[in-house]
Amino acid sequence: MDVQTLAPVTEREILDTIDAQRTQAVALLQELVAHPSLLGDEASAQGLMKRQFGRMGLRVHEFAIDEEKIRSHPGYSPSIVSYDGRPNVVGIHQPRGALRGKSLILNGHIDVVPVGAESLWSRPPFEPFIDGDRLYGRGAADMKAGIVAYTMAFQALQRLGYEPAAPVYLQSVIEEECTGNGALACLVEGYSADAAIIPEPFEGLMSAQMGVMWLTIDVYGMPVHAAYAHTGVAAIDFANYLVAELRTLEAQWNRPECRHPMYCTHDHPINFNLGRISGGEWTSSVPTHCRVDMRLGFYPGRSCAEVRAEVEALLARAHAVHPQHASVRVDITYQGFQAEGCVVDLQVPAMQQLMQCHRDIAGEEPPVRATTATTDVRFFHLYGHIPATCYGPHGADIHGVDEWVSIASMQRVSAVLALFIARWCGLNRLPAAG
(Lines give C-alpha, C1' and ligand atoms only; values in the text may rest on other atoms or scores of the structure.)
Protein backbone atom coordinates (compact mmCIF):
# COMPACT_ATOMS: atom_id res chain seq x y z
CA MET A 1 0.00 0.00 0.00
CA ASP A 2 1.23 3.47 -0.87
CA VAL A 3 1.71 5.25 2.45
CA GLN A 4 1.00 8.98 2.28
CA THR A 5 1.85 11.90 4.51
CA LEU A 6 -0.19 12.25 7.69
CA ALA A 7 -2.86 14.55 6.21
CA PRO A 8 -2.61 14.72 2.41
CA VAL A 9 -6.15 16.01 1.87
CA THR A 10 -6.99 19.71 1.82
CA GLU A 11 -9.77 21.53 3.60
CA ARG A 12 -11.30 22.31 0.21
CA GLU A 13 -11.36 18.66 -0.82
CA ILE A 14 -13.05 17.73 2.43
CA LEU A 15 -15.64 20.49 2.17
CA ASP A 16 -16.45 19.55 -1.42
CA THR A 17 -16.81 15.88 -0.53
CA ILE A 18 -19.02 16.60 2.47
CA ASP A 19 -21.15 18.83 0.25
CA ALA A 20 -21.43 16.02 -2.31
CA GLN A 21 -22.72 13.75 0.46
CA ARG A 22 -25.36 16.21 1.66
CA THR A 23 -28.34 14.38 0.18
CA GLN A 24 -27.15 11.10 1.66
CA ALA A 25 -26.49 12.71 5.05
CA VAL A 26 -29.95 14.28 5.22
CA ALA A 27 -31.59 11.02 4.13
CA LEU A 28 -29.73 9.08 6.82
CA LEU A 29 -30.73 11.60 9.47
CA GLN A 30 -34.37 11.48 8.37
CA GLU A 31 -34.34 7.70 8.50
CA LEU A 32 -32.76 7.72 11.96
CA VAL A 33 -35.29 10.23 13.31
CA ALA A 34 -38.12 8.11 11.94
CA HIS A 35 -37.01 5.31 14.28
CA PRO A 36 -38.56 6.26 17.66
CA SER A 37 -35.61 5.10 19.73
CA LEU A 38 -37.11 5.85 23.13
CA LEU A 39 -35.86 4.10 26.26
CA GLY A 40 -36.28 0.37 25.73
CA ASP A 41 -37.06 0.72 22.03
CA GLU A 42 -33.63 1.44 20.54
CA ALA A 43 -33.20 -1.84 18.62
CA SER A 44 -34.55 -0.73 15.23
CA ALA A 45 -32.37 2.39 15.12
CA GLN A 46 -29.38 0.33 16.19
CA GLY A 47 -30.16 -2.09 13.37
CA LEU A 48 -29.93 0.82 10.96
CA MET A 49 -26.54 1.84 12.34
CA LYS A 50 -25.33 -1.76 12.15
CA ARG A 51 -26.20 -1.86 8.45
CA GLN A 52 -24.65 1.58 7.85
CA PHE A 53 -21.36 0.62 9.49
CA GLY A 54 -21.30 -2.61 7.52
CA ARG A 55 -21.81 -0.77 4.22
CA MET A 56 -18.79 1.36 5.09
CA GLY A 57 -16.58 -1.71 5.37
CA LEU A 58 -16.25 -1.49 9.14
CA ARG A 59 -16.16 -4.57 11.32
CA VAL A 60 -19.37 -4.43 13.35
CA HIS A 61 -19.44 -5.38 17.01
CA GLU A 62 -22.98 -5.60 18.34
CA PHE A 63 -23.18 -6.51 22.01
CA ALA A 64 -25.66 -6.50 24.84
CA ILE A 65 -24.90 -4.65 28.04
CA ASP A 66 -23.96 -7.13 30.74
CA GLU A 67 -25.09 -5.38 33.89
CA GLU A 68 -23.08 -7.72 36.10
CA LYS A 69 -19.90 -6.50 34.37
CA ILE A 70 -20.60 -2.84 35.04
CA ARG A 71 -22.51 -2.89 38.34
CA SER A 72 -19.39 -2.56 40.50
CA HIS A 73 -17.85 0.17 38.35
CA PRO A 74 -17.77 3.63 39.99
CA GLY A 75 -19.41 5.10 36.88
CA TYR A 76 -22.42 2.78 37.02
CA SER A 77 -25.91 4.21 37.43
CA PRO A 78 -28.84 2.04 38.58
CA SER A 79 -30.70 0.82 35.50
CA ILE A 80 -34.35 1.46 34.78
CA VAL A 81 -35.38 -1.22 32.28
CA SER A 82 -33.99 -4.56 31.12
CA TYR A 83 -31.10 -4.59 28.64
CA ASP A 84 -32.54 -7.50 26.67
CA GLY A 85 -32.72 -6.71 22.95
CA ARG A 86 -31.08 -3.29 23.36
CA PRO A 87 -27.53 -3.60 22.02
CA ASN A 88 -24.65 -1.21 21.62
CA VAL A 89 -23.27 -1.11 18.08
CA VAL A 90 -19.62 -0.31 17.31
CA GLY A 91 -18.10 0.09 13.87
CA ILE A 92 -14.41 -0.83 14.08
CA HIS A 93 -11.74 0.41 11.68
CA GLN A 94 -8.31 -1.20 11.79
CA PRO A 95 -5.98 0.20 9.11
CA ARG A 96 -4.91 -2.15 6.35
CA GLY A 97 -1.88 0.01 5.71
CA ALA A 98 0.77 1.37 8.04
CA LEU A 99 -0.27 1.99 11.63
CA ARG A 100 1.14 5.48 12.22
CA GLY A 101 -1.34 7.88 13.73
CA LYS A 102 -3.27 8.22 16.98
CA SER A 103 -6.45 6.26 17.67
CA LEU A 104 -9.88 7.81 18.05
CA ILE A 105 -13.33 7.06 19.44
CA LEU A 106 -16.33 8.79 17.88
CA ASN A 107 -19.26 8.22 20.21
CA GLY A 108 -22.94 9.06 19.92
CA HIS A 109 -26.12 8.01 21.68
CA ILE A 110 -29.05 6.61 19.75
CA ASP A 111 -31.66 7.02 22.51
CA VAL A 112 -34.04 9.96 22.64
CA VAL A 113 -36.20 11.45 25.39
CA PRO A 114 -40.02 11.25 25.44
CA VAL A 115 -41.91 13.72 23.24
CA GLY A 116 -44.24 14.98 25.97
CA ALA A 117 -47.68 16.14 24.85
CA GLU A 118 -47.62 15.29 21.15
CA SER A 119 -50.48 17.73 20.52
CA LEU A 120 -48.02 20.60 21.13
CA TRP A 121 -45.82 19.56 18.20
CA SER A 122 -46.35 21.21 14.81
CA ARG A 123 -46.07 17.78 13.20
CA PRO A 124 -45.68 14.23 14.53
CA PRO A 125 -42.30 14.10 16.31
CA PHE A 126 -41.09 10.97 14.53
CA GLU A 127 -42.05 12.15 11.06
CA PRO A 128 -39.02 14.33 10.21
CA PHE A 129 -39.52 17.32 7.96
CA ILE A 130 -37.31 20.07 6.57
CA ASP A 131 -38.04 23.78 6.64
CA GLY A 132 -35.18 25.76 5.13
CA ASP A 133 -31.97 24.80 6.92
CA ARG A 134 -33.78 23.09 9.78
CA LEU A 135 -34.59 19.40 10.06
CA TYR A 136 -37.27 18.80 12.68
CA GLY A 137 -38.04 15.74 14.78
CA ARG A 138 -37.36 14.20 18.16
CA GLY A 139 -33.69 13.30 18.36
CA ALA A 140 -32.73 15.31 15.27
CA ALA A 141 -30.32 17.47 17.28
CA ASP A 142 -29.91 15.30 20.37
CA MET A 143 -28.09 13.57 18.94
CA LYS A 144 -28.76 11.74 15.71
CA ALA A 145 -27.31 14.58 13.62
CA GLY A 146 -24.05 14.04 15.51
CA ILE A 147 -24.05 10.35 14.62
CA VAL A 148 -24.66 11.26 10.98
CA ALA A 149 -21.85 13.84 11.16
CA TYR A 150 -19.19 11.37 12.31
CA THR A 151 -20.47 8.72 9.89
CA MET A 152 -20.27 11.06 6.92
CA ALA A 153 -16.86 12.36 8.06
CA PHE A 154 -15.41 8.85 7.99
CA GLN A 155 -17.07 8.09 4.67
CA ALA A 156 -15.79 11.33 3.10
CA LEU A 157 -12.21 10.23 3.63
CA GLN A 158 -13.02 6.90 2.01
CA ARG A 159 -14.51 8.69 -0.99
CA LEU A 160 -11.31 10.70 -1.27
CA GLY A 161 -9.39 7.42 -1.42
CA TYR A 162 -8.01 7.22 2.11
CA GLU A 163 -8.32 5.30 5.35
CA PRO A 164 -7.31 6.48 8.83
CA ALA A 165 -3.81 5.24 9.66
CA ALA A 166 -4.89 4.33 13.20
CA PRO A 167 -7.80 2.49 14.81
CA VAL A 168 -11.10 4.38 14.81
CA TYR A 169 -14.17 3.22 16.74
CA LEU A 170 -17.60 4.55 15.78
CA GLN A 171 -19.84 3.90 18.79
CA SER A 172 -23.63 4.06 18.74
CA VAL A 173 -24.72 3.57 22.34
CA ILE A 174 -27.92 3.43 24.34
CA GLU A 175 -29.04 5.08 27.59
CA GLU A 176 -27.10 8.33 27.51
CA GLU A 177 -30.30 10.10 28.52
CA CYS A 178 -30.82 8.25 31.80
CA THR A 179 -27.75 6.32 32.99
CA GLY A 180 -24.85 6.44 30.53
CA ASN A 181 -24.45 2.70 30.98
CA GLY A 182 -24.17 2.21 27.21
CA ALA A 183 -20.96 4.22 26.98
CA LEU A 184 -19.74 2.70 30.23
CA ALA A 185 -20.26 -0.80 28.80
CA CYS A 186 -18.06 0.13 25.82
CA LEU A 187 -15.32 1.22 28.21
CA VAL A 188 -15.61 -1.94 30.29
CA GLU A 189 -15.65 -3.98 27.06
CA GLY A 190 -12.13 -2.70 26.47
CA TYR A 191 -12.60 0.13 23.99
CA SER A 192 -9.94 2.78 24.47
CA ALA A 193 -8.20 5.35 22.29
CA ASP A 194 -5.90 8.35 22.32
CA ALA A 195 -8.88 10.73 22.09
CA ALA A 196 -12.69 10.70 21.99
CA ILE A 197 -15.22 13.11 20.51
CA ILE A 198 -18.97 13.09 21.08
CA PRO A 199 -20.87 15.27 18.55
CA GLU A 200 -23.51 16.44 21.02
CA PRO A 201 -25.41 19.53 19.78
CA PHE A 202 -23.13 22.23 21.21
CA GLU A 203 -21.63 23.80 18.03
CA GLY A 204 -18.41 24.32 19.89
CA LEU A 205 -16.19 22.60 22.41
CA MET A 206 -17.41 21.62 25.84
CA SER A 207 -15.07 22.74 28.60
CA ALA A 208 -16.94 21.26 31.57
CA GLN A 209 -20.11 19.44 32.49
CA MET A 210 -22.24 19.13 35.60
CA GLY A 211 -22.78 16.15 37.78
CA VAL A 212 -26.34 14.85 37.63
CA MET A 213 -28.27 12.74 40.12
CA TRP A 214 -31.76 11.29 39.81
CA LEU A 215 -33.57 11.12 43.13
CA THR A 216 -36.92 9.51 44.04
CA ILE A 217 -38.82 10.54 47.16
CA ASP A 218 -41.75 8.42 48.32
CA VAL A 219 -44.00 10.01 50.90
CA TYR A 220 -46.61 8.05 52.86
CA GLY A 221 -49.17 10.15 54.78
CA MET A 222 -52.27 9.61 56.91
CA PRO A 223 -55.45 9.29 54.82
CA VAL A 224 -58.88 10.45 55.97
CA HIS A 225 -62.14 11.39 54.28
CA ALA A 226 -61.86 14.67 52.40
CA ALA A 227 -64.63 16.11 54.57
CA TYR A 228 -62.15 15.99 57.45
CA ALA A 229 -59.00 16.69 55.44
CA HIS A 230 -57.63 18.98 58.11
CA THR A 231 -57.25 16.01 60.45
CA GLY A 232 -55.11 13.96 58.06
CA VAL A 233 -51.69 14.34 56.52
CA ALA A 234 -51.75 14.59 52.72
CA ALA A 235 -48.76 12.85 51.13
CA ILE A 236 -48.87 15.23 48.16
CA ASP A 237 -48.72 18.30 50.40
CA PHE A 238 -45.82 16.85 52.37
CA ALA A 239 -43.98 15.97 49.16
CA ASN A 240 -44.36 19.55 47.97
CA TYR A 241 -43.00 20.72 51.32
CA LEU A 242 -39.89 18.56 50.86
CA VAL A 243 -39.38 19.84 47.32
CA ALA A 244 -39.56 23.40 48.63
CA GLU A 245 -36.89 22.55 51.19
CA LEU A 246 -34.68 21.18 48.43
CA ARG A 247 -35.11 24.49 46.60
CA THR A 248 -33.27 26.17 49.48
CA LEU A 249 -30.28 23.92 48.78
CA GLU A 250 -30.50 24.72 45.08
CA ALA A 251 -30.42 28.43 45.90
CA GLN A 252 -27.44 27.93 48.22
CA TRP A 253 -25.40 26.10 45.59
CA ASN A 254 -26.19 28.86 43.09
CA ARG A 255 -24.76 31.60 45.30
CA PRO A 256 -21.69 33.23 43.73
CA GLU A 257 -19.44 32.21 46.62
CA CYS A 258 -20.49 28.55 46.26
CA ARG A 259 -19.95 28.25 42.51
CA HIS A 260 -17.37 26.19 40.71
CA PRO A 261 -14.92 28.42 38.79
CA MET A 262 -16.14 27.04 35.44
CA TYR A 263 -19.67 28.30 36.17
CA CYS A 264 -19.03 31.77 37.56
CA THR A 265 -20.62 33.51 34.58
CA HIS A 266 -23.73 31.32 34.33
CA ASP A 267 -27.04 32.86 35.31
CA HIS A 268 -28.32 29.77 37.14
CA PRO A 269 -25.92 26.82 36.89
CA ILE A 270 -27.54 24.55 39.47
CA ASN A 271 -30.99 23.24 38.66
CA PHE A 272 -33.15 20.90 40.72
CA ASN A 273 -35.78 19.78 38.25
CA LEU A 274 -39.06 18.30 39.44
CA GLY A 275 -39.49 16.00 36.48
CA ARG A 276 -42.38 13.84 37.61
CA ILE A 277 -44.89 13.71 40.45
CA SER A 278 -47.61 11.15 41.02
CA GLY A 279 -49.85 10.49 43.97
CA GLY A 280 -53.27 10.14 45.44
CA GLU A 281 -55.93 7.50 45.10
CA TRP A 282 -59.33 9.21 45.16
CA THR A 283 -60.56 12.79 44.77
CA SER A 284 -62.47 12.63 48.05
CA SER A 285 -59.67 11.04 50.06
CA VAL A 286 -56.59 12.65 51.56
CA PRO A 287 -53.79 11.01 49.52
CA THR A 288 -51.86 8.18 51.13
CA HIS A 289 -48.86 8.16 48.84
CA CYS A 290 -46.93 10.56 46.62
CA ARG A 291 -43.84 9.89 44.53
CA VAL A 292 -41.54 12.65 43.35
CA ASP A 293 -38.76 12.15 40.77
CA MET A 294 -36.14 14.89 40.65
CA ARG A 295 -32.98 15.60 38.70
CA LEU A 296 -30.33 17.38 40.76
CA GLY A 297 -27.38 19.14 39.17
CA PHE A 298 -24.11 19.55 41.08
CA TYR A 299 -20.64 20.89 40.37
CA PRO A 300 -17.61 19.00 39.06
CA GLY A 301 -15.30 17.79 41.78
CA ARG A 302 -18.08 16.55 44.05
CA SER A 303 -18.72 12.84 44.47
CA CYS A 304 -22.17 11.29 44.22
CA ALA A 305 -21.81 9.96 47.76
CA GLU A 306 -21.10 13.47 49.08
CA VAL A 307 -24.14 14.91 47.30
CA ARG A 308 -26.41 12.11 48.47
CA ALA A 309 -25.30 12.64 52.06
CA GLU A 310 -26.02 16.38 51.93
CA VAL A 311 -29.42 15.91 50.29
CA GLU A 312 -30.48 13.16 52.67
CA ALA A 313 -29.40 15.20 55.70
CA LEU A 314 -31.49 18.15 54.52
CA LEU A 315 -34.55 15.98 53.92
CA ALA A 316 -34.15 14.30 57.30
CA ARG A 317 -34.03 17.69 59.04
CA ALA A 318 -37.05 18.92 57.10
CA HIS A 319 -39.00 15.82 58.09
CA ALA A 320 -37.98 16.07 61.74
CA VAL A 321 -39.07 19.71 62.23
CA HIS A 322 -42.46 19.33 60.55
CA PRO A 323 -45.27 19.31 63.17
CA GLN A 324 -46.88 16.24 61.56
CA HIS A 325 -43.69 14.27 61.04
CA ALA A 326 -44.81 11.40 63.30
CA SER A 327 -47.61 10.56 60.83
CA VAL A 328 -45.43 10.63 57.71
CA ARG A 329 -42.90 8.16 56.33
CA VAL A 330 -40.33 9.28 53.76
CA ASP A 331 -38.30 6.85 51.64
CA ILE A 332 -35.42 7.97 49.41
CA THR A 333 -34.15 5.83 46.54
CA TYR A 334 -31.89 6.33 43.52
CA GLN A 335 -32.41 5.11 39.98
CA GLY A 336 -30.92 6.46 36.79
CA PHE A 337 -28.14 9.04 36.72
CA GLN A 338 -25.53 8.94 39.46
CA ALA A 339 -23.08 10.90 37.34
CA GLU A 340 -20.14 12.99 38.50
CA GLY A 341 -19.16 16.15 36.66
CA CYS A 342 -15.83 16.84 35.02
CA VAL A 343 -13.65 19.59 33.56
CA VAL A 344 -12.06 19.18 30.12
CA ASP A 345 -8.43 20.15 29.66
CA LEU A 346 -8.57 22.06 26.38
CA GLN A 347 -4.79 22.47 26.31
CA VAL A 348 -4.02 18.82 25.53
CA PRO A 349 -2.98 18.05 21.93
CA ALA A 350 -6.27 16.42 20.90
CA MET A 351 -8.36 19.41 21.96
CA GLN A 352 -5.92 21.89 20.43
CA GLN A 353 -6.01 19.96 17.16
CA LEU A 354 -9.81 19.90 17.16
CA MET A 355 -9.93 23.65 17.74
CA GLN A 356 -7.51 24.23 14.88
CA CYS A 357 -9.59 22.06 12.58
CA HIS A 358 -12.62 24.17 13.43
CA ARG A 359 -10.69 27.34 12.62
CA ASP A 360 -9.53 25.93 9.30
CA ILE A 361 -13.01 24.81 8.24
CA ALA A 362 -15.22 27.50 9.78
CA GLY A 363 -12.79 30.41 9.54
CA GLU A 364 -13.39 31.51 13.12
CA GLU A 365 -12.65 30.59 16.71
CA PRO A 366 -14.73 27.71 18.05
CA PRO A 367 -17.20 28.57 20.81
CA VAL A 368 -16.20 27.10 24.16
CA ARG A 369 -18.65 26.61 26.99
CA ALA A 370 -19.29 24.74 30.20
CA THR A 371 -22.62 22.95 30.05
CA THR A 372 -25.08 22.53 32.89
CA ALA A 373 -26.03 19.13 31.46
CA THR A 374 -24.18 15.82 31.67
CA THR A 375 -22.86 13.76 28.75
CA ASP A 376 -21.02 10.49 28.23
CA VAL A 377 -17.73 12.44 28.14
CA ARG A 378 -17.41 11.73 31.86
CA PHE A 379 -16.63 8.06 31.23
CA PHE A 380 -13.70 8.82 28.94
CA HIS A 381 -12.41 11.58 31.20
CA LEU A 382 -12.92 10.16 34.69
CA TYR A 383 -12.47 6.44 34.14
CA GLY A 384 -10.76 5.88 30.79
CA HIS A 385 -8.20 8.71 31.14
CA ILE A 386 -8.91 9.56 27.50
CA PRO A 387 -8.92 13.23 26.38
CA ALA A 388 -12.51 13.87 25.34
CA THR A 389 -15.02 16.60 24.65
CA CYS A 390 -18.33 17.27 22.97
CA TYR A 391 -18.29 19.00 19.61
CA GLY A 392 -21.42 18.90 17.48
CA PRO A 393 -23.98 20.75 15.35
CA HIS A 394 -26.29 23.57 16.31
CA GLY A 395 -29.87 22.75 17.21
CA ALA A 396 -32.64 23.92 19.49
CA ASP A 397 -35.69 22.83 21.50
CA ILE A 398 -33.75 19.81 22.73
CA HIS A 399 -35.92 17.84 25.19
CA GLY A 400 -38.67 20.28 24.19
CA VAL A 401 -41.26 20.67 21.45
CA ASP A 402 -40.39 20.89 17.73
CA GLU A 403 -36.74 19.93 18.22
CA TRP A 404 -34.59 20.84 15.21
CA VAL A 405 -31.04 20.79 13.95
CA SER A 406 -29.26 22.97 11.41
CA ILE A 407 -28.30 20.95 8.34
CA ALA A 408 -25.55 23.41 7.42
CA SER A 409 -24.12 23.12 10.92
CA MET A 410 -24.23 19.31 10.72
CA GLN A 411 -22.33 19.51 7.43
CA ARG A 412 -19.73 21.85 8.91
CA VAL A 413 -19.20 19.59 11.93
CA SER A 414 -18.81 16.63 9.59
CA ALA A 415 -16.09 18.48 7.67
CA VAL A 416 -14.28 19.43 10.89
CA LEU A 417 -14.40 15.83 12.10
CA ALA A 418 -13.09 14.56 8.76
CA LEU A 419 -10.17 17.00 8.94
CA PHE A 420 -9.52 16.01 12.55
CA ILE A 421 -9.45 12.30 11.65
CA ALA A 422 -7.00 13.05 8.84
CA ARG A 423 -4.66 15.01 11.08
CA TRP A 424 -5.03 13.03 14.31
CA CYS A 425 -5.09 9.51 12.91
CA GLY A 426 -3.09 10.15 9.76
CA LEU A 427 -4.11 8.72 6.39
CA ASN A 428 -3.12 5.80 4.23
CA ARG A 429 -4.09 5.74 0.58
CA LEU A 430 -6.57 3.01 -0.27
CA PRO A 431 -5.71 0.71 -3.16
CA ALA A 432 -7.32 1.69 -6.45
CA ALA A 433 -10.52 -0.18 -7.22
CA GLY A 434 -10.06 -3.05 -9.66
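Heads up: the structure comes first, above all this text.
Calculation rules
Residues numbered from 1 in each chain as written. Predicted model: local features only at pLDDT ≥ 70, side-chain atom pairs only at ≥ 80, totals over all residues. Heavy atoms only, no water. Helix = DSSP H or I, 4+ residues; strand = E, 2+ residues; numbered from the N terminus. Buried < 20%, exposed > 50% of the residue type's maximum accessible area, 1.4 Å probe, protein only. Lys, Arg positive; Asp, Glu negative; His and termini not counted. Salt bridge = Lys/Arg side-chain N within 4 Å of Asp/Glu carboxyl O. Polar contact = N/O pair within 3.5 Å; in protein donor to acceptor, adjacent residues only side chain to side chain. Contact = heavy atoms within 4.5 Å. Pairing = 2+ DSSP bridges. Axes fitted to C-alpha atoms, helices over the stretch in contact; angles between N-to-C directions.

## Examining the side chain of Asp142
Here is step 1 of the chain: Considering the arrangement of structural elements, one finds Asp142 in helix α5 (residues 140-159).
Here is step 2 of the chain: For the buried Asp142, no salt bridge exists, and the shortest N-O distance to an oppositely charged side chain is 7.3 Å, to Arg138.
Here is step 3 of the chain: A distance of 3.2 Å separates a polar atom in the side chain of Asp142 from a polar atom in the side chain of His399.

## A look at the environment of Met210
Here is step 1 of the chain: Of note, Met210 is situated in the loop between β9 (205-209) and β10 (211-220).
Here is step 2 of the chain: The class of Met210 is buried, set by a relative accessible area of 0%.
Here is step 3 of the chain: It is 24 Å that separates the C-alpha atoms of Met210 and Val413, two residues lying 203 residues apart in sequence.
Here is step 4 of the chain: For Met210, the residues in contact, after removing those within four places along its chain, are Tyr263, Pro269, Ile270, Phe298, Tyr299, Glu340, Gly341, Thr371, Thr372, Ala373 and Thr374.

## Notes on the sheet that holds strand β19 (residues 404-406)
Here is step 1 of the chain: Across the sheet, four strands lie side by side as β4-β5-β19-β18; this open sheet has antiparallel pairing. The open sheet terminates on both sides in strands that have one partner only, identified here as β4 (129-131) and β18 (395-396).
Here is step 2 of the chain: Pairing geometry for strand β5 (residues 134-136) and β19, over three bridges, is antiparallel. Bridging from a neighbouring strand, Tyr136 pairs with Trp404 of β19.
Here is step 3 of the chain: Contacts between helix α11 (residues 407-425) and the sheet are confined to β4, β5 and β19, with β19 contributing the most and set at about 55° to the helix.

Structural measurements only, silent on function.
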